[in-house]
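What follows is the residue order along each chain.
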Amino acid sequence: MKLKFALRTTASAAVLCGAASMAMAAEVEVLHWWTSGGEAAALNVLKEDLEGKGVTWQDMPVAGGSGVEAMTVLRARVTSGNPPTAVQMLGFDIKDWAAEGFLGDLSEVADAEGWDAVVPPALQEFSRYDGKWIAAPVNVHSTNWMWINKAALDAAGGEAPETWEDLIVVLDAMKANGIVPLAHGGQAWQDGTIFDSVVLGLGADFYRTAIIEQDPEALGSEMMVEAFKRMEVLRGYFDENFSGRDWNLASAMVINGEAGMQAMGDWAKGEFVKAEQVPGEDFLCIRFPGTQGHVLFNSDQFAMFDVSDEKREAQMMMASAVMDPSFQVAFNLVKGSVPARTDIPDTEFDMCGKKGMADLAEAAANGTLQGSMAHGHGASSNIKSAIFDVVTAHLNGEYSAEEAAEELVAAVEAAK
Ligand code: BGC
């Protein structure tokens, strides 16, 4: 099956489409969690791209930010012997499914299209297993961002915060102005997303030893107690209805001026763009104070399950489409993320996209790029859940900062 050549030229694409329709229409069933306004708009770019290439899209959305629920549904589907053809997946989950022997091999298309040379090594770590390509990366997201309502910031003194201390000054000013300073949704993964940034803000080495290496000493250190204290400080700026709120509703609060800012990954930008807000005019994107120069990344990849030959053709077409340079531009403009390929110019991106691309390149070159724990790239799923449990329990007042650091050591140890 020499799909690779067919995929890049119109003439042979027609041949391929012909072949596909003879073998019954090519169809992909895609399990994903892109259900917010911005996410659905980005998903539509992919869906339309594939439909334009003759691949029918069967949608399998499972709502729930960061894919926790989607992964539960996936497990049930695979256990019942009926895996979807393609699945949106994050870092360690991809490796786990590969280790269990469930994923198909994309190497034919990957080798023919030279993915090796254009996908950064930090991503390849999760898209390859045992020498084979097992997933196609569609983007690079990053979690250590803040999204700020520009008018609210202007009213609060106009200075975007660069340090933790600056952040507190701005949050206090926003509070004094009668808005919710920090929009947040109390769900474990959102708590974990802020925790990612707070830990990084206390030092990149601290993030590495505590989160990536899970060194018990770092996990139980004074610095970790400080991280939990900072979480308590931030909690003081949430509104009283934060519990259980979806992340995109928190973004909407910033968009409509009810809240001043949100600490969230750059999928939040998709919501601002969907609401026709302009970066620099209506909203600002800054790195979480104290983390400029550092990037906590995660990448959405499409893992393909090992399925029958007749579905394999559509899988390869989808993998190729996802990695197509012009598709990566079109998709990531809407999604808020940046391309997963290093050979794409930033020309068409807005100022946040340009900043995202520049920050990523700089971090990759300087060794300041690390995987996001909260989004599956810093620690295995078990350890991530263990950290989430402690972070959320502490945020909800079950532990003091000191107790939380102790619990964290025990929870991570038990999950190893
Ligand atoms: C994914 C994003 C998604 C976000 C919220 C992250 O883990 O990488 O694509 O938009 O979760 O659902």
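Residues numbered from 1 in each chain as written. Predicted model: local features only at pLDDT ≥ 70, side-chain atom pairs only at ≥ 80, totals over all residues. Heavy atoms only, no water.

**Observations regarding the side chain of glutamine 88**
Moving on, step 1. Among the secondary structure elements, glutamine 88 is positioned in strand S3 (residues 86-90).
Moving on, step 2. Here glutamine 88 falls in the buried class, since its relative accessible area comes to 0%.
Moving on, step 3. There is a polar contact of 2.8 Å between the side chain of glutamine 88 and the backbone nitrogen of tryptophan 33.
Moving on, step 4. Excluding anything up to four places from it in sequence, glutamine 88 contacts Leu31, His32, Trp33, Trp34, Met71, Asp300, Gln301 and Phe302. (Helix = DSSP H or I, 4+ residues; strand = E, 2+ residues; numbered from the N terminus. Buried < 20%, exposed > 50% of the residue type's maximum accessible area, 1.4 Å probe, protein only. Polar contact = N/O pair within 3.5 Å; in protein donor to acceptor, adjacent residues only side chain to side chain. Contact = heavy atoms within 4.5 Å.)

**Considerations on the pattern of salt bridges**
Moving on, step 1. Scanning all chains against the criterion turns up 16 salt bridges.
Moving on, step 2. The salt bridge involving glutamate 125 is made with lysine 95; its shortest N-O contact spans 2.7 Å. Of this pair, glutamate 125 sits in helix H8 (residues 121-127) while lysine 95 is found in helix H5 (residues 91-99), placing the two residues 30 residues apart along the sequence.
Moving on, step 3. In this structure, lysine 355 engages aspartate 359 in a salt bridge whose closest nitrogen and oxygen atoms are separated by 3.1 Å. Taken together, the positions of lysine 355 and aspartate 359, both in helix H19 (residues 351-366) and 4 residues apart, correspond to about one turn of that helix.
Moving on, step 4. What you see here is one network of salt bridges that share partners, running through Asp205, Arg208 and Glu213. (Salt bridge = Lys/Arg side-chain N within 4 Å of Asp/Glu carboxyl O.)

**Observations regarding the nonpolar core**
Moving on, step 1. Core analysis: the biggest nonpolar cluster contains 73 residues, and Phe195, Met224 and Phe228 have the highest contact counts within it.
Moving on, step 2. At 7 residues, the largest contribution of residues to this core is made by helix H20 (residues 381-395).
Moving on, step 3. The contacts of phenylalanine 195, once residues within four sequence positions are left out, are Ile211, Met224, Ala227, Phe228, Met231, Met373, Ile387, Val391 and Leu408.
Moving on, step 4. Val28, Val30, Leu46 and Ala86 belong to the second largest nonpolar core, which has 45 residues in total. (Core = buried A, V, L, I, M, F, W, Y, C linked by side-chain atoms within 4.5 Å.)

**Re the packing of helix H14 (residues 222-235) against H20**
Moving on, step 1. Where H14 meets H20, the closest approach of the two axes is 10 Å, and the angle between their N-to-C directions is 50°. On the basis of their axis angle, the class for H14 and H20 is oblique. Where H14 crosses over H20, the handedness of that crossing is right-handed. When H14 is examined against H20, the residues Phe228, Met231, Glu232 and Arg235 are found in contact with a partner set consisting of Val390, Val391, His394 and Leu395.
Moving on, step 2. Residues of the contact of H14 with H20, tallied by class, amount to 5 nonpolar, 1 polar and 2 charged. (Axes fitted to C-alpha atoms, helices over the stretch in contact; angles between N-to-C directions. Parallel < 35°, antiparallel > 145°, perpendicular 65-115°, else oblique. Left-handed = near helix turned anticlockwise from the far one by under 90°. Nonpolar A, V, L, I, M, F, W, Y, C, P; charged D, E, K, R; others polar.)

**So, helix H11 (residues 188-201)**
Moving on, step 1. Over its 14 residues, H11 runs 20 Å from end to end, which matches the ideal 20 Å to within 8%, given 1.5 Å per residue.
Moving on, step 2. Taken residue by residue, H11 has Trp189, Gln190, Asp191, Gly192, Thr193, Ile194, Phe195, Asp196, Ser197, Val198, Val199 and Leu200 as its buried positions.
Moving on, step 3. Downstream of H11 by one or two residues, glycine 203 has phi in the positive range, about 135°. (Expected span 1.5 Å × (residues − 1).)

**Examining the site of the ligand**
Moving on, step 1. Residues in close proximity to the ligand total 14 residues, the closest being Glu39, Asn298, Asp300, Lys335 and His375.
Moving on, step 2. Contact distances for the ligand include 2.8 Å between an oxygen atom and a side-chain N or O atom of asparagine 298.
Moving on, step 3. A distance of 2.7 Å separates an oxygen atom of the ligand from a polar side-chain atom of histidine 375.
Moving on, step 4. Relative to its free-state accessible area of 310 Å², the ligand is covered by the protein chains to the extent of 100%. (Near = heavy atom within 4 Å. Areas by Shrake-Rupley, 256 points an atom, 1.4 Å probe, with all protein chains shown as cover.)

**A word on the environment of alanine 330**
Moving on, step 1. The residue alanine 330 is located in helix H18 (residues 325-335) in this model.
Moving on, step 2. Judged by relative accessible area, alanine 330 falls into the partly exposed class, the value being 32%.

**With respect to the state of the cysteines**
Two cysteines joined by a covalent bond between their sulfur atoms form a disulfide.
Moving on, step 1. Inspection of every chain in the model, using the stated rule, returns 1 disulfide.
Moving on, step 2. The side chain of cysteine 285 participates in a disulfide bridge whose partner is cysteine 352; the two sulfur atoms lie 2.1 Å from each other. Residues cysteine 285 and cysteine 352 are joined by a disulfide whose S-S torsion is about -105°; by sign, that bridge is left-handed. Here the residue cysteine 285 occupies a position in strand S11 (residues 283-287), and cysteine 352 occupies one in helix H19, the gap between them amounting to 67 residues. Each member of the pair, cysteine 285 as well as cysteine 352, carries the same accessibility label: buried. (Disulfide = S-S within 2.5 Å.)

**Overview of the sheet that holds strand S7 (residues 141-142)**
Moving on, step 1. Read across the open sheet, the 3 strands follow the order S7-S12-S14; overall the sheet is mixed. Edge strands, defined here as strands with exactly one partner in the open sheet, are S7 and strand S14 (369-371). (Pairing = 2+ DSSP bridges.)

**Observations regarding the packing of H11 against H14**
Moving on, step 1. Running from N to C, H11 and H14 cross one another at 125°; their axes reach a closest spacing of 10 Å. If you check the angle between H11 and H14, you find them oblique. Our pair here, H11 against H14, has a crossing hand that is right-handed. Between H11 and H14, the residues in contact are Asp191, Ile194, Phe195, Val198, Val199 and Gly201 and Met224, Ala227, Phe228, Arg230, Met231 and Leu234, respectively.

**Re the domain arrangement of the protein**
Moving on, step 1. Segmentation of the protein into domains returns domain 1 (10-142 + 298-349) and domain 2 (145-296 + 356-415).
Moving on, step 2. Computed from C-alpha atoms alone, the centre-to-centre distance between domain 1 and domain 2 is 28 Å.
Moving on, step 3. Between domain 1 and domain 2, the residue contacts involve 30 residues of the former and 25 residues of the latter.
Moving on, step 4. When the buried surface of domain 1 facing domain 2 is broken down by residue, Phe92, Ser142 and Asn298 rank first, second and third, together holding 27% of it.
Moving on, step 5. Joining domain 1 to domain 2, the criterion identifies 11 residue pairs in polar contact (both at pLDDT 80 or more).
Moving on, step 6. If you list the elements that add at least two residues to the side of domain 1 that touches domain 2, you get helix H3 (37-52), H5, H8, S7 and H18.
Moving on, step 7. Grouping the constituent residues of the side of domain 1 that touches domain 2 by class yields 13 nonpolar, 12 polar and 5 charged. (Domains from an automatic or database assignment. Buried area = accessible area lost by both parts, 1.4 Å probe.)

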